[in-house]
Amino acid sequence: HILGATNNGSLNLTSSQPVRLIMSHATITNPKGAAISLNGKTTVAEMFLSAGTVNTLNDASTSSGNGALYAKANLTITGTGTLNVNGYKKHGIAVDAGLTIASGIINIAQAASDGIHVDDYTQNGGTITIVPVGDGVDAGNTLTINGGDLSVNAASNDVKGIKSDGNVTINDGIISLNVSGNQSK
């Protein structure tokens, strides 16, 4: 279980084994990097948002990381709790592989660049709200939405609500994209 609060700390985890983080009212602010960093190259990680909990992850403008929540390998977010993410330096959530949202409430109220920046993005459920300076969801390969709610509100110039360098597949779900900057799509 990950719980408690820190204004100057982080969780950095490197493992070759599958990892399950159970988030239970955790508030983590790291002024030097990601609030949570999962560094195993081949590790499958799950972040479980415990029911009735509100969890908050923040980096800072002085951070050296790519996101307030960072994973080197695949990450799945599940559960019915809430995850608030604020990426003051760059992205809210950055994953160097695939991100799957199975369920949960995820609010990215601040992202200095992309709200979610991943190789592959799959949303099967959950409610996601993103207010980025850059793109809402930026997938380097594939972007698939099978369900859930996705809302992006971006007002910067030349940003995309959702962006993929590969295939975009939308099978179900409720998607609301509000982009208002010049040349935004």
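In what follows, the structure referred to is the one given above.
So, how was this worked out
- Residues numbered from 1 in each chain as written.
- Predicted model: local features only at pLDDT ≥ 70, side-chain atom pairs only at ≥ 80, totals over all residues.
- Heavy atoms only, no water.
- Helix = DSSP H or I, 4+ residues; strand = E, 2+ residues; numbered from the N terminus.
- Rg over C-alpha atoms; globule rule 2.2 N^0.38 Å.
- Buried < 20%, exposed > 50% of the residue type's maximum accessible area, 1.4 Å probe, protein only.
- Contact = heavy atoms within 4.5 Å.
- Areas by Shrake-Rupley, 256 points an atom, 1.4 Å probe, with all protein chains shown as cover.
- Lys, Arg positive; Asp, Glu negative; His and termini not counted.
- Charge placed at Lys NZ, Arg CZ, Asp CG, Glu CD.
- Salt bridge = Lys/Arg side-chain N within 4 Å of Asp/Glu carboxyl O.
- Pairing = 2+ DSSP bridges.
- Phe/Tyr/Trp six-rings, centres within 6.5 Å; stacked < 30°, edge-to-face > 60°.
- Lys NZ or Arg CZ within 6 Å of the ring centre and 35° of its normal.
- Polar contact = N/O pair within 3.5 Å; in protein donor to acceptor, adjacent residues only side chain to side chain.

Draft legend 1. Inspection of the overall build of the chain at higher detail. A count of helices and strands for the chain gives zero helices and 19 strands. What you see for the chain is a C-alpha radius of gyration of 15 Å, in line with the 16 Å of a compact globule of 185 residues. The C-alpha extent of the chain, read off along each of the three principal axes, is 40 × 35 × 30 Å. For the chain, with 185 residues in total, the buried portion stands at 49%. When contacts within the chain are restricted to residue pairs at least 6 apart in sequence, those whose partners lie at least 24 apart make up 56%. By element, 48% of the accessible surface of the chain is carried by carbon and sulfur atoms, the whole surface being about 7900 Å². Of note, the chain has its 9 positive side-chain charges centred 9 Å away from the centre of its 12 negative side-chain charges.

Draft legend 2. Broad picture of unusual backbone geometry. We note that His25 has phi near 65°; this positive angle belongs to a residue other than glycine. Within the chain, Asp158 stands out as a residue other than glycine whose phi angle is a positive 55°. Locating Asp158 in the fold gives a position in the loop between strand 16 (149-154) and strand 17 (162-164).

Draft legend 3. Summary view of the pattern of salt bridges. Evaluation of the coordinates by the stated rule reveals three salt bridges. Lys163 is paired through a salt bridge with Asp138; the nearest N and O atoms lie 3.7 Å apart. Of this pair, Lys163 sits in strand 17 while Asp138 sits in strand 14 (residues 137-139); the two residues are 25 residues apart in sequence, bridging distant segments of the chain. The class for Lys163 is partly exposed, based on a relative accessible area of 28%. Exposure remark for Asp138: the relative accessible area of 7% places this residue in the buried category. Where Asp158 meets Lys160, a salt bridge forms, and the shortest distance between an N and an O atom there is 3.3 Å.

Draft legend 4. View of the pairing of strand 10 (residues 91-101). Among the eleven residues that make up strand 10, nine are buried, leaving the element largely enclosed by the rest of the structure. Of the pairings in the sheet, the one linking strand 7 (residues 67-71) to strand 10 comprises four bridges and is parallel in character. Counted as the bridge partner of Gly67 is His91 from strand 10. Here three bridges tie strand 8 (residues 75-79) to strand 10, and the two strands are oriented parallel to one another. Among the inter-strand pairings, Thr76 is bridged to a residue of strand 10, identified as Thr100.

Draft legend 5. The arrangement of the side chain of Asp135 in detail. By the element assignment, Asp135 lies in the loop between strand 13 (127-132) and strand 14. Lys163 is the oppositely charged side chain nearest to the buried, salt-bridge-free Asp135, at an N-O distance of 4.1 Å.

Draft legend 6. Representation of the environment of Ile2 in the model. Looking at the element boundaries, Ile2 is found in strand 1 (residues 2-6). Taking the C-alpha atoms as reference, Ile2 lies 26 Å from Leu150; in sequence the two are 148 residues apart. Sequence-distant contacts of Ile2, defined by excluding residues within four places in its chain, comprise Leu11, Leu21, Ile22, Met23, Ser24, His25, Ala26 and Ile28.

Draft legend 7. Structural detail: the packing of aromatic side chains. Summed over the entire model, instances satisfying the criterion amount to zero aromatic pairs. Its end group placed over the ring of Phe48, Arg20 keeps NZ or CZ at 4.6 Å from the ring centre.

Draft legend 8. Highlighting the environment of Ala112. Along the chain, the position of Ala112 falls in the loop between strand 11 (105-111) and strand 12 (116-123). Ala112 sits in the partly exposed class, given a relative accessible area of 29%. Measuring from C-alpha to C-alpha, the distance between Ala112 and Lys90 comes to 4.8 Å, with 22 residues separating the pair along the chain. Beyond its immediate chain neighbours, meaning those up to four positions away, Ala112 contacts Gly87, Tyr88, Lys89, Lys90, Val133 and Gly134.

Draft legend 9. Structural context of the side chain of Ser63. Mapped onto the elements, Ser63 comes out in the loop between strand 6 (54-58) and strand 7. Reaching out from Ser63, the side chain makes a polar contact with the backbone nitrogen of Gly65 at a distance of 2.9 Å. Not counting residues up to four positions away in its chain, the partners in contact with Ser63 are Pro31, Lys32, Gly33, Ala34 and Lys89.

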